[in-house]
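Close look at the chain arrangement
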Amino acid sequence: MSQAITFSEYGAPEVLRLTEVTAPEPGPGQVRIRVRAASVNPLDVKVRSGLMARAVPARFPVTPGLDAAGVVDAVGEGAAAAVGDEVLGFAVGGSYSEYALLERPVAKPEDLSWEAAASLVTVGQTAFRVLDELGVQAGRTLLVHGAGGSVGTIAVQLAAARGITVVATAGEHDLERVTALGATAVRYGDGWTERVKARAPQGVDFVFDASGAGVLADSVALTGDSSHVITIADMSAAQHGVRFSAGSAEQAADSLPELVRLAAAGKLTLPIWRTYPLTEAAQAHTDLEAHRNHGKAVLLP
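Conventions and cut-offs
- Residues numbered from 1 in each chain as written.
- Predicted model: local features only at pLDDT ≥ 70, side-chain atom pairs only at ≥ 80, totals over all residues.
- Heavy atoms only, no water.
- Helix = DSSP H or I, 4+ residues; strand = E, 2+ residues; numbered from the N terminus.
- Phe/Tyr/Trp six-rings, centres within 6.5 Å; stacked < 30°, edge-to-face > 60°.
- Buried < 20%, exposed > 50% of the residue type's maximum accessible area, 1.4 Å probe, protein only.
- Lys NZ or Arg CZ within 6 Å of the ring centre and 35° of its normal.
- Pairing = 2+ DSSP bridges.
- Right-handed = clockwise from strand over helix to strand, strands pointing away.
- Contact = heavy atoms within 4.5 Å.
- Axes fitted to C-alpha atoms, helices over the stretch in contact; angles between N-to-C directions.

Let us now look at unusual backbone geometry. Only a minority of non-glycine residues have a phi that is not negative, and only a minority of peptide bonds are not trans. Omega for the peptide link from Phe60 to Pro61 comes to -5°, which places this bond in the cis form. Looking at the secondary structure, you find Pro61 in the loop between helix 1 (42-49) and strand 4 (67-75). Of note, His291 is a non-glycine position whose phi angle comes to about 55°, a positive value. Mapped onto the secondary structure, His291 falls in the loop between helix 8 (281-289) and strand 15 (296-300).

This is the structure:
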């Protein structure tokens, strides 16, 4: 037996309970890990609250969590790792647990912390995928909305490394950090379009919206082409002729080795805001819902 966080009904963070569960057994191609760190993502909050019930109906009880890093302690037939390996990847069946199953695990470099390893998975692949979907080439100008958040932070770094000119909107407290990542940082909020135009007189070619802050109409106007705008956070995308990007774990696995390599080399950073013991998963969700975090929240089972 092991312990996991589960919920058996949709609701507030208090529906998350510490539960005794049977440790999962790895199937073909899977590994089981003793979880050392599990990232808390906004999607976890949406699933728990019921906001995703129509798109992703729950089969209660649910163990939340998409990302995990840990030490392999059991392997299925054909698994790409061995007992004792330190790995990270997408969790099958949830990661808020002492034990989790991973498919297509990626080796964790020794100099990459457990917290960073777990935090990189979903947000890293999302940023990587959207940049590829936009098809931004070196020398063009990309506007990233929500650059202070985890996905935006990685998108800025990946784009800058590819020779793309990056302009990024962020909160006042994140402007200095976003600038250090290689972007021209602009304060979000009323008047943001004028501030962007002033800082990017050459114009904006593409927009990556990671904020969901009602910026799509003005973003389309800036680029002059709705096909040059993608959002991962604004459900009104179709009303503006904008693509809403939602990728698969298969796509994520393809980009994860490169993301890990860049992070281990110090070329990709992601701030860890706070760590919590597994028993405080509800508090982590409360903090995310209140937008208290300035970086990733991570559970340490």
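What follows deals with the packing of aromatic side chains. For the structure on display, the rule yields two aromatic pairs. Relative to Phe60, the ring of Phe7 has its centre 6.0 Å away and its plane inclined at 70°; by these criteria the two rings are edge-to-face. Taken together, the residues Phe7 in the loop between strand 1 (2-6) and strand 2 (17-21) and Phe60 in the loop between helix 1 and strand 4 connect sequence positions 53 residues apart. Judged by relative accessible area, which is 37%, Phe60 ranks as partly exposed. Ring plane angle 70° and centroid distance 5.2 Å describe the contact between Tyr10 and Phe60, whose orientation is recorded as edge-to-face. With Tyr10 in the loop between strand 1 and strand 2 and Phe60 in the loop between helix 1 and strand 4, the pair connects residues that are 50 residues apart, well separated along the chain. Taking the relative accessible area as the measure of exposure, Tyr10 reaches 29% and is therefore partly exposed. The residue whose ring lies beneath Arg162 is Phe128, and the NZ or CZ to ring-centre distance is 5.1 Å.

On to the pairing of strand 8 (residues 141-145). Both faces of the sheet carry side chains from a regular strand, because those side chains alternate between them. When you tally the buried positions in strand 8, you get five out of five residues, the bulk of the element. Side-chain alternation along strand 8 places Thr141, Leu143 and His145 on one buried face and Leu142 and Val144 on a second face that is also buried. Summarising the sheet, strand 8 and strand 9 (residues 165-170) pair through five bridges and their orientation is parallel. Across the sheet, the residue bridging to Leu142 is Val166, located in strand 9. For the handedness criterion, the β-α-β arrangement of strand 8, helix 3 (residues 150-161) and strand 9 is classed as right-handed.

Our next topic: the sheet that holds strand 9. Pairing is parallel in the open sheet, where six strands are placed in the order 10-9-8-11-12-13. Of all strands in the sheet, those bounded by a partner on one side alone are strand 10 (184-187) and strand 13 (243-244). The sheet contacts of helix 3 involve strand 8, strand 9 and strand 11 (206-209), and relative to strand 9 the element is tilted by about 165°. The sheet strands contacting helix 6 (residues 216-223) are strand 8, strand 11 and strand 12 (229-231), and the helix crosses strand 12 at an angle near 155°.

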